Amino acid sequence: MSLATLTADFLWQEGSWHAGGPALAITGGRFAPAPAVVGERIGRFVLPGMPNLHSHAFQRAMAGLAERRGPGEDSFWTWRETMYAFAEAIDPDDLKAIATQLYVEMVKAGYTQVCEFHYLHHGPRGVHYAEPAAMSLALIEAAKEAGIGLTLLPVLYMTGGFDGRPLTERQQRFRHDVGQYVALLERLAPMQNDMLRLGIALHSLRAVPEEAMRTLLASGVCRELPIHIHIAEQIGEVQDCLAVRGARPVEWLLDHADVDSRWTLIHATHLTPQETDRLAKSGAVAGLCPTTEANLGDGLFPLAAFIDAGGTLGIGSDSHISVSPVEELRWLEYGQRLITRHRNVAARRPEESVGTTLWQRALQGGALAAATDIARLGEGARADLLVLDDRSPLLAARDEADVIDTFLFAGNTPLVRDVMVGGQWRVRDFAHVAERSAAEAYRVVVERLAAA
Ligand SMILES: [Zn+2]
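Residues numbered from 1 in each chain as written. Predicted model: local features only at pLDDT ≥ 70, side-chain atom pairs only at ≥ 80, totals over all residues. Heavy atoms only, no water.

Asks: Please give an account of the pattern of salt bridges that cites residues and values.
Replies: It is possible for side chains bearing opposite charge to pair when their charged atoms get close. According to the stated counting rule, one finds 27 salt bridges in the structure shown. One salt bridge in this structure joins Asp418 and Arg428, with 3.7 Å as the shortest N-O distance. With Asp418 in strand β16 (residues 416–421) and Arg428 in strand β17 (residues 424–428), this residue pair connects regions lying ten residues apart in the sequence. The class of Arg428 is partly exposed, set by a relative accessible area of 40%. (Salt bridge = Lys/Arg side-chain N within 4 Å of Asp/Glu carboxyl O. Helix = DSSP H or I, 4+ residues; strand = E, 2+ residues; numbered from the N terminus. Buried < 20%, exposed > 50% of the residue type's maximum accessible area, 1.4 Å probe, protein only.)

Spelled out as structure tokens, the structure:
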């Protein structure tokens, strides 16, 4: 394994900037002990890559197609019908093309790992492909081509509501029983490596009966894996859970599963103060997707109370209405400002920077959700990093105290110039090595889907 040594004026390490040209050594795709020699200077400000803890890749191709008002009142549930119709025609080759384009965009934006919450498993009407893992394998190929780390989360999806109603015809493509689902995990588990991790996803409490959840969580293959679940995105979902299970979704989950740092609760949007406190103390990650939550009219997460209670959070781009950690973190803060009519909400102490706080929290929570050693520029971690564009006028006269705030709040042009994932440069001078081929394949697929 060859050893590369790199240096920068400022490296983001353990939540603060380290100045004076410290060096990073990379071997076998990971950071090695810091060398005494001076390395190649790669830029002024170098950050760890950001994990994206929630993605439904195929939805990238329908971004912008659900922004026209329908006959009644539009909501998450009317959006979901558009999404189901769109998903209808997608096959494994299409998924690979869409996901490759998406993942290239992610890397360019500064995400170096993606947790793919993958439920589009089968062919139309639920007919299994000859290779039952065909859709999962398409996502794995896409991640390889784009050079992004993948935490693949095959989703268990069984019922259409808390009352246990069967899935509709369109939803049959998502369906597994617990035995089939465990077989899929067992098929994929041996493929894991530095760039590919496996995890479990329960689609939601409404889609997984209690008994199935218990059986799955007790099975051997699940013991070590991270667990993700959609939890409380919609008020309707909270009301249905209360009616059938006698508790709110987060409350119910905390009472019926050993929720700890292996768990990521996606869209923990609707929380009582008590749920907020209990979730924070459980060690689970709150998976927040602010641009999607805004686009779908979901509601706002109680950010300040959750941080004050010691909670862990990360960000995801979910429906991919936006593919940018900058925009997720900006809107996470702006939502809070709009609702509280105060500024600098995520910063909980005087003099604390909002950008710095949010970037660091999202790194830590994202790495936990992705269950892999990333998101830090330190010995042993996978060698993922972002170099900010120090030639940009936006960063003129910015020192280390305000560079992340400027990056998150002032940029309308990309400031991520170079991106390394697993010790390999994937983006140099804003260009991704696979961006042309990915865009061409994507265009062909989307044009065909649009004409169908
Ligand atoms: Zn989702």
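Asks: So what's going on with the coordination of the zinc ion? Which residues, and what values?
Replies: At 2.0 to 2.2 Å from the zinc ion lie its protein donor atoms, namely His54 (NE2), His56 (NE2) and His230 (NE2). Mapped onto the sequence, the donors of the zinc ion take the spacing H-x1-H-x173-H. Here the two residues His54 and His56 agree in accessibility, since each one is buried. (Donors = N, O, S within 2.8 Å, 3.2 Å for Na, K, Ca; no water.)

Asks: Can you explain the domain arrangement of the protein chain? Please cite residues and give values.
Replies: Under the domain assignment used here, the protein chain contains domain 1 (4–48 + 381–435) and domain 2 (50–370). Look at where the C-alpha atoms of domain 1 and domain 2 centre, and you get two points 28 Å apart. For the pair domain 1 and domain 2, the summed buried area comes to about 2,300 Å², and 59% of that belongs to carbon and sulfur atoms. Contact with domain 2 buries area across many residues of domain 1, yet Arg382, Leu408 and Phe409 alone supply 28% of it, more than any other trio. Between domain 1 and domain 2 we count two salt bridges in total. For Lys108, the salt bridge goes to Glu435, with nearest N and O atoms at 2.8 Å. Our count for the contact surface shared by domain 1 and domain 2 stands at twelve residue pairs in polar contact (both at pLDDT 80 or more). (Domains from an automatic or database assignment. Buried area = accessible area lost by both parts, 1.4 Å probe. Polar contact = N/O pair within 3.5 Å; in protein donor to acceptor, adjacent residues only side chain to side chain.)

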